[in-house]
Structures are given as structure tokens and as C-alpha cells.
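# Descriptive structure summary
Listed below, chain by chain, are the residues.
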Amino acid sequence: MGYAERNHILHSINGYFCSMQCFSLQFFQVFRFRALLMTGFLIIGSRTFAEDTVRIIQKDRFKVTSYLEAYYSYDFGKPETKQRPSFFYNHTRHNELNMNLGFVKGSYSGKATRANLALMAGTYATNNLAVEPEWARNIFEANFGTRMSKKHNLWFDAGVFPSHIGFESAVGKDCYTLTRSMVAENTPYYEAGLRFSYTSKNDKWYAALLSLNGWQRIKNPNINKSPFYGTQVIYKPTSELLLNHSSFIGNMASDSLPLWRYYHNFYVTYTRNKVSAVFGFDHGMQVKRDSLNKTSGHSFWFTPTIILKYQVNRKFSGALRLEYFKDEEGVVIATGTPNGFNTYGYSFNLDYILSPNFMLRTEARGLGSKDKIFNNGKSTESVNYFVTTCLIISM
């Protein structure tokens, strides 16, 4: 190789490295500019937001969970439509294997912000969100919260979140019994709106004030768009005892004439060693109208519920439930019968925990009413019996 050729090759290599150096410098400058720009935006936005944004990548603050509840229910009344009584909104299909609820949830919990988003499917979603707009029918939870004080546990949340009423929820594994009580099925499972909440430093007191879009509604159904309000107070004097009072007030009318509803939910839970107990009492009152569409007093309904649970060992537990629901004027559950909805119920269930993520449950349940309100093939009866089995998978 001659001198001229070697010189040409060395010149080419030197040019290549100079080009790479220039490119690297330009890339670094662009990257540094964008990084500084992003940092500037974060600083300008707020220091708290920046800190929480950085922390979102930490596994202990961001969590993804999943839940699946498959069930089989057999109604001895053998309804021809395979649909169980209309006042049930969970485990509603007769003699078929189905999914009551399945969802995937992402949640973030920071010192100053928190958020939850969960999308769902199943017969629970089909039955409970049938009146919602189509875009909302698969939303199980979607909310964002910010802490209002550095010294106190005071939060402001907005969006769709679990109801503040009742001791049962849509998530079966969190309930003492497989199926939901009559009172749970006919009070909200979810709600949408704004929530201000406070928890005391010793965790003994919790209080919340809510402005809502309706009685289990994501979209406000009222023509006049009047808001609905709710309150909740929880007191835990000891680790074994909890007392709760929740309330709701709102105009239930679908027209311009007011139809106010007032609702109170009381319950006490007690847990000691292997025994757990729940006693609940709910009372509702709503303005009623006469044949001339004028207000004429109030309609009332109430329902007491008792549940006792015994934990045999780490794997096995059993629960007994007694309940009664009286709604003679059909405000919540309309029957069109002389005594309205005047129904008692009882159930017994066994739970077996296969592993921390798998639970198998079986329940036998009976209902009795003053009137013949239960579908028994081609006729109606005053009693109803059914057995339900479910498998719960939670990750």
C-alpha cells in the first residue's frame, strides 16, 4: 500500500470519528435541552407533583391487581328465563356457569396524590350499569385524589369510587357471605362525584362529605341536574369494634317535580379471635305523589341484617345470615302485590381457601315473602330456595 493510499484511509477514518463526535455532541445537546425543558415544566408545575411523578415508577406506590369471580347458581324455582329475581344484581343467572365479576385495576398511592382505574366485565356489570351510558358500563373504578394538608390526613377525591353505604361491596372475597344481602343489592355499589374525607392521626375516626351524581349513577339522570349528597362517619374505639353511619339525600325525580329521598345506613362490626359479627340496620324515606301528581306524605322502608362468621382454621370458615326487608309501597323494590316487598331471608355458606389467591365458596339460601313474588316456572310462589358455588381468583 502506497503512502497516498494510507494517507487517504487515515483521513477517512479521522473524518468518520469527527462526524461521530459532532453527531454525539448534537445529540447530547438536544437531549440536554429536552431534559432541561422537562425539568423546567416539572418545577414550574409544582414540587409535590414532580416528586410524585418521579415516585410513580416505584413498585411500592404503583400496583396492578386482578380479580375474577366465576359462579354457578341453581334456583329450585327453575325460572324459564334463567334470570333470578329482579331485586338481585349479583349471581343472577340460573343453571349456567358464568362470571359475576372480573376486573383489572391499576392504582397509585403517593404522599400527596392517589389514583385508581379499574375496568370490568361480568353479569354484575351488565345488571348494575344497564342504565348508564354505553361508554361507562365497564368502569369499575376511576378516580383521582389529592391531599389537602401536610399535617392532617385530609383528602379530596373525584371520579367513580365504591359506595360509602353498606358493609358489603361488589368484591365477593371482601364479604362474609358468597351472595349479597337484600339490602346491599338495593343500595349503591358505586357512586360518582366529589368526596372530602378526613382520617384522624390515631385512625379511630373517619369522616367524609360527598357530592354525587345520583343513587348509584355515573351520569346524573335528573332533568334539573340537582346534586345528591352523602355523609359517612366511622368510629373504631378498639381494634375489634367498628361503628358506621352513612347517609344519602337527593332528588330522585325524573321530571321537574321534586321527589326527595333520605336514607340512613347503620352497622356495627365486631371481630374477636375466630368469631366475626355484623349487625346492620337501614332506613329509607321518600316523598310520594298522589294520583294528581302532588306530594302526599312519605313512603318508608327498612331492613335489618345480621351475619355471624366463624373461622374454623386458616383454610375453612362458615357464615350464617339472617335478614329482613320491608318495602310495602314498593319504593325500592316494586312487586305490585298487596303487601309489597315484605321478605325475610336466611343463608349458610362455607369457604375454603385453596391458596392466598384462590378461594372456593358454597352457599345455600332461602327467601320467604307474604305474597307470591317468586317465579316458579309458569307460576309464582311465596318462597324461593337456591344454591350457589363460586371460585374466586385474585392476583
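A quick note: this is a predicted structure, and the numbers were derived from the prediction, not measured. (Residues numbered from 1 in each chain as written. Predicted model: local features only at pLDDT ≥ 70, side-chain atom pairs only at ≥ 80, totals over all residues. Heavy atoms only, no water.)

## Overview of empty space enclosed by the protein
This structure, assessed with the given rule, holds 2 cavities of 30 Å³ or more. Its boundaries defined by the atoms lining it, the largest cavity holds a volume of some 60 Å³. The wall of the largest cavity is formed by Ile 165, Gly 166, Phe 167, Glu 168, Val 183, Ala 184, Thr 187, Pro 188, Asn 265 and Asp 282. Here the lining of the largest cavity is composed, by residue class, of 5 nonpolar, 3 polar and 2 charged. (1 Å grid on protein atoms, 1.4 Å probe; cavity = no way out; pocket = protein on both sides within 12 Å on 5 of 7 lines; lining within 4 Å. Points joined across faces, edges and corners; volume = space filled by probe spheres on them. Nonpolar A, V, L, I, M, F, W, Y, C, P; charged D, E, K, R; others polar.)

## Some details on the nonpolar core
If you look at the biggest cluster of nonpolar residues, it comprises 24 residues, and the most contacted ones within it are Leu 101, Phe 103, Met 120, Tyr 124, Phe 140 and Ile 218. Residue assignment for this core shows that the elements contributing at least two residues are strand S1 (62-75), strand S2 (97-109), strand S3 (113-121), helix H3 (123-128), strand S4 (139-147), strand S6 (190-199) and strand S18 (383-394). Membership of the second largest hydrophobic core comes to 20 residues, among which are Phe 88, Met 182, Trp 301 and Phe 325. (Core = buried A, V, L, I, M, F, W, Y, C linked by side-chain atoms within 4.5 Å. Buried < 20%, exposed > 50% of the residue type's maximum accessible area, 1.4 Å probe, protein only. Helix = DSSP H or I, 4+ residues; strand = E, 2+ residues; numbered from the N terminus.)

## Quick look at the pairing of S4
Judged from the 7 bridges that link them, S3 and S4 form a sheet pairing that is antiparallel. Residue pairing across strands places Asn 116 opposite Asn 143, the latter belonging to S4. Bridging between S4 and strand S5 (residues 153-162) involves 6 bridges; their strand directions are antiparallel. Opposite Phe 144, over in S5, you have Ala 158 as the bridge partner. As consecutive antiparallel partners, S4 and S5 are separated by 5 residues. (Pairing = 2+ DSSP bridges.)

## A look at the side chain of Gln 286
Relative to the helices and strands, Gln 286 resides in strand S11 (residues 275-289). Sequence-distant contacts of Gln 286, defined by excluding residues within four places in its chain, comprise Met 252, Leu 259, Trp 260, Arg 261, Gly 297, His 298, Ser 299, Trp 301 and Val 331. (Contact = heavy atoms within 4.5 Å.)

## Things to note about the pattern of salt bridges
Going through the model one piece at a time under the given rule, you end up with 14 salt bridges. The partner of Arg 272 in a salt bridge is Glu 240, with the nearest N and O atoms 3.9 Å apart. Of the two residues, Arg 272 sits in strand S10 (residues 260-272) while Glu 240 sits in the loop between strand S8 (228-235) and strand S9 (241-251), which places them 32 residues apart along the sequence. Put simply, Glu 329 and Lys 288 hold a salt bridge, and the shortest N to O gap is 3.2 Å. You can see Glu 329 sitting in the loop between strand S13 (316-327) and strand S14 (341-355) and its partner Lys 288 sitting in strand S11, a full 41 residues away along the chain. We classify Lys 288 as partly exposed; its relative accessible area is 27%. Here the residues in one salt-bridge network are Arg 321, Glu 323, Glu 363 and Arg 365, joined through shared partners. (Salt bridge = Lys/Arg side-chain N within 4 Å of Asp/Glu carboxyl O.)

## Focus on the environment of Phe 281
One can find Phe 281 in strand S11. Owing to a relative accessible area of 29%, Phe 281 belongs among the partly exposed residues under this scheme. Along the sequence, Phe 281 and Ile 306 sit 25 residues apart, while their C-alpha atoms lie 8.9 Å from each other. Once you skip the residues sitting within four places of it in the chain, Phe 281 turns out to touch His 264, Asn 265, Phe 266, Phe 302, Thr 303 and Pro 304.

## Brief notes about the environment of Phe 358
With respect to the secondary-structure elements, Phe 358 resides in strand S15 (residues 358-369). Judged by relative accessible area, Phe 358 falls into the partly exposed class, the value being 32%. Sequence spacing of Phe 358 and Leu 68 is 290 residues, and the spatial spacing of their C-alpha atoms is 9.8 Å. Residues within four places of Phe 358 in sequence aside, it is in contact with Tyr 352, Ile 353, Ile 392, Ile 393 and Met 395.

## Concerning the confidence of the model for the protein
The predicted model of the protein averages 86 in pLDDT, with 84% of residues at 70 or higher. Confidence drops under pLDDT 50 across residues 1-57; counting only partners more than four residues distant or on other chains, this segment forms 14 contacts. (pLDDT = per-residue confidence, 0-100.)

## Describing the packing of aromatic side chains
Taken as a whole and assessed by the stated rule, the structure comprises 20 aromatic pairs. With 5.6 Å between their ring centres and 75° between their planes, Tyr 124 and Tyr 189 make a pair best called edge-to-face. With Tyr 124 in helix H3 and Tyr 189 in the loop between helix H4 (182-185) and S6, this pair connects stretches of sequence that are 65 residues apart. Exposure class is identical for Tyr 124 and Tyr 189. Each is buried. (Phe/Tyr/Trp six-rings, centres within 6.5 Å; stacked < 30°, edge-to-face > 60°.)

## Structural notes on the side chain of Arg 361
Tracing the chain through its elements places Arg 361 in strand S15. Only 3.0 Å separates the side chain of Arg 361 from the backbone oxygen of Cys 175, close enough to count as a polar contact. (Polar contact = N/O pair within 3.5 Å; in protein donor to acceptor, adjacent residues only side chain to side chain.)

## Some words on the pairing of S14
Summarising the sheet, S13 and S14 pair through 12 bridges and their orientation is antiparallel. Bridge pairing in S14 places Tyr 324 opposite Tyr 344. Judged from the 12 bridges that link them, S14 and S15 form a sheet pairing that is antiparallel. From the neighbouring strand, Asp 351 faces S15, where its bridge partner is Arg 361. What sits between the antiparallel neighbours S14 and S15 is a turn of 2 residues.

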